[in-house]
Amino acid sequence: MAGYDVKKDHPELYAPKPGRMGTVQVPEFRFLQVDGHGDPNTTQAYADAVATLYAVSYAVRAVAGRELDRVHTVAPLEGLWSAADPEVFATRDKARWDWTMMIGQPEWITDAIVEEGVAAAAKKGVAALDGLRFARYAEGLSVQVLHLGSYDDEGPVLAEMHDVYLPGNGYTWNGRHHEIYLSDPRRTAPEKLRTVLRQPVRPVTG
């Protein structure tokens, strides 16, 4: 039986062509989510959040396969990023970042299935379950580009998006900066990392 894979079912959102900045319409999806603050490279809360999201996502997949006889590929890790001063993204001042890390779930995943997945993950001593939630997130009109390379090399790409593409096409910000991590940084050289950079936007009026 063929399984669901968000990257294959929504290639325009999860498998765009590299270097082509453009607009997309992003529908509402459901995500497991954990919030936090600080440098993702040094903050224990970030590591705990990511470990929790993966542990529960794999447990949810197992429950769905057993109870619904439906198969899906665990979706990539995603992050929503914000700060009081948006310029900290271009300057990479990571200690000042607020984040929401999340992993998308298929539409047939119910609250009850998530609860079973959480219970299974709890038996393994997962650290951040108290901060986990299962919620919908909708972005709508967004500008995105696939970045190839190190996370620390995103600054110029984001500066082009925010300072050139958005004003040049009559858009302004309309939500948190969004990143989708298509590569596993533990197994991928920094120069080969593939990351979707997305910014929800709205037309400038007046």
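That block above? That's the structure.
Read on for a plain summary of the structure. (Residues numbered from 1 in each chain as written. Predicted model: local features only at pLDDT ≥ 70, side-chain atom pairs only at ≥ 80, totals over all residues. Heavy atoms only, no water.)

Thoughts on the nonpolar core
Part 1 of the reasoning: By size, the foremost hydrophobic cluster in this structure holds 45 residues, and its most contacted members are Leu 53, Leu 77, Met 101 and Ile 109.
Part 2 of the reasoning: With eight residues, helix H3 (residues 44-68) is the single largest residue contributor to this core.
Part 3 of the reasoning: If you look at the next biggest cluster of nonpolar residues, it comprises 11 residues, including Val 143, Val 157, Tyr 165 and Leu 197. (Core = buried A, V, L, I, M, F, W, Y, C linked by side-chain atoms within 4.5 Å. Buried < 20%, exposed > 50% of the residue type's maximum accessible area, 1.4 Å probe, protein only. Helix = DSSP H or I, 4+ residues; strand = E, 2+ residues; numbered from the N terminus.)

Focus: the layout of surface pockets
Part 1 of the reasoning: Looking at the largest pocket, its volume works out to about 800 Å³.
Part 2 of the reasoning: Lining the largest pocket are 26 residues, with Tyr 46, Leu 77, Tyr 151, Ser 183 and Pro 185 sitting closest to its centre.
Part 3 of the reasoning: Counting residues per element, the ones that place at least two in the lining of the largest pocket are H3, strand S3 (77-82) and strand S8 (177-181).
Part 4 of the reasoning: Looking at the lining of the largest pocket, the element that brings in the most residues is H3, giving five residues.
Part 5 of the reasoning: Along the lines of polarity and charge, the residues of the lining of the largest pocket split into 15 nonpolar, three polar and eight charged. (1 Å grid on protein atoms, 1.4 Å probe; cavity = no way out; pocket = protein on both sides within 12 Å on 5 of 7 lines; lining within 4 Å. Points joined across faces, edges and corners; volume = space filled by probe spheres on them. Nonpolar A, V, L, I, M, F, W, Y, C, P; charged D, E, K, R; others polar.)

Quick notes on the pattern of salt bridges
Part 1 of the reasoning: One pass over the structure, following the stated rule, counts 11 salt bridges.
Part 2 of the reasoning: Between Lys 7 and Asp 5 there is a salt bridge; the shortest N-O distance is 3.2 Å.
Part 3 of the reasoning: In this structure, the salt-bridge partner of Arg 96 is Asp 93, at a minimum N-O distance of 3.3 Å.
Part 4 of the reasoning: The class of Arg 96 is partly exposed, set by a relative accessible area of 43%.
Part 5 of the reasoning: Within this structure, Glu 28, Glu 107 and Arg 136 form a network of salt bridges that share partners. (Salt bridge = Lys/Arg side-chain N within 4 Å of Asp/Glu carboxyl O.)

Concerning the environment of Ile 180
Part 1 of the reasoning: Among the secondary structure elements, Ile 180 is positioned in strand S8.
Part 2 of the reasoning: In this structure the C-alpha to C-alpha distance between Ile 180 and Tyr 54, which are 126 residues apart in sequence, comes to 15 Å.
Part 3 of the reasoning: Each residue touching Ile 180, except ones within four places of it in the same chain, is listed here: Leu 13, Tyr 14, Pro 76, Leu 77, Glu 78, Arg 194, Thr 195, Val 196 and Arg 198. (Contact = heavy atoms within 4.5 Å.)

Regarding empty space enclosed by the protein
Part 1 of the reasoning: Enumeration over the complete set of coordinates arrives at one cavity of 30 Å³ or more.
Part 2 of the reasoning: For the largest cavity, the calculated volume is near 90 Å³.
Part 3 of the reasoning: What lines the largest cavity is a set of 13 residues, and nearest its centre among them are Tyr 4, Val 6, Ala 75, Gly 104 and Gln 105.
Part 4 of the reasoning: Of all the secondary-structure elements, those providing two or more residues to the lining of the largest cavity are strand S2 (29-37) and strand S4 (98-105).

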